[in-house]
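Each chain, letter by letter, is given below.
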Amino acid sequence: MLSRFYYFMVLVFSSLAAADSTYQETWEITSLEAPPYASSKMENGGDAIALLRDRLAKKSINLEVEYLPWQNAIKKAQLTGYLGYYPA
């Protein structure tokens, strides 16, 4: 009985640890509206954004994108907290 409890607790704590470590960091970027590559109106955020998001997820990086007109995207990307703009 004790061994069942032990294995159950290991499973629970392993699941919690895995859930917390899904994304180790988050990158914030800006992007222009350029369908089909980058677009807030597309379900996947645009094909290029989806590809970038997929590649970063494999490295445990979450991607947050703010879509703006191009000049605004460049200016805002220079602010603290933003990694840059895409596509660049």
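See the structure printed just above.
Conventions we followed
Residues numbered from 1 in each chain as written. Predicted model: local features only at pLDDT ≥ 70, side-chain atom pairs only at ≥ 80, totals over all residues. Heavy atoms only, no water. Salt bridge = Lys/Arg side-chain N within 4 Å of Asp/Glu carboxyl O. Helix = DSSP H or I, 4+ residues; strand = E, 2+ residues; numbered from the N terminus. Buried < 20%, exposed > 50% of the residue type's maximum accessible area, 1.4 Å probe, protein only. Pairing = 2+ DSSP bridges. Axes fitted to C-alpha atoms, helices over the stretch in contact; angles between N-to-C directions. Contact = heavy atoms within 4.5 Å. Right-handed = clockwise from strand over helix to strand, strands pointing away. Core = buried A, V, L, I, M, F, W, Y, C linked by side-chain atoms within 4.5 Å.

Asks: Is there a simple way to think about the pattern of salt bridges in this case?
Replies: Pairing between side chains becomes possible if they bear opposite charge and their charged atoms approach one another. Tallied over the full model, the rule gives two salt bridges. A salt bridge links D54 to K58, with the nearest nitrogen and oxygen atoms 3.8 Å apart. A salt bridge links K76 to E66, with the nearest nitrogen and oxygen atoms 2.9 Å apart. Residue K76 is located in helix α3 (residues 70–77), and its partner E66 is located in strand β2 (residues 61–67); the two are separated by 10 residues in the primary sequence. With a relative accessible area of 27%, K76 lands in the partly exposed category.

Asks: Where do I start with the sheet that holds β2 in this structure?
Replies: Note on sheets: strands pair through backbone hydrogen bonds, and any given pair is parallel or antiparallel. Spatial strand order, β2-β1-β3: three strands in an open sheet with parallel pairing. Strands at the two margins of the open sheet, each flanked by one partner only, are β2 and β3 (84–86). Neighbour-to-neighbour, the strand axes of the sheet open up by a mean angle of 45°, direction not taken into account. Across the sheet, helix α2 (residues 47–57) lies against β1 (25–31), β2 and β3, angled at about 155° from β2, the strand it touches most. Contacts from α3 reach β1, β2 and β3, with the element oriented near 150° to β3.

Asks: Explanation requested: the pairing of β2 in the structure shown.
Replies: Looking along a regular strand, one sees side chains alternate from face to face of the sheet. The alternating pattern of β2 places I61, L63, V65 and Y67 on a buried face, while none of N62, E64 and E66, on the opposite face, is buried. Summarising the sheet, β1 and β2 pair through seven bridges and their orientation is parallel. Following the sheet pairing, T30 is matched in β2 by E66. What joins β1 to β2 is α2, and the crossover it makes is right-handed.

Asks: Explain the nonpolar core here, please?
Replies: A general trend in soluble globular proteins is that nonpolar side chains are found buried together. In this structure, I29, A38, I49, L56, I61, L63, V65 and Y67 together form the largest nonpolar core, which totals eight residues. Of all the secondary structure elements, the ones that give two or more residues to this core are α2 and β2. Among the elements that make up this core, the one with the highest residue count is β2 (four residues). Excluding anything up to four places from it in sequence, Y67 contacts S31, L32, E33, A38, S39, S40, G45 and I49.

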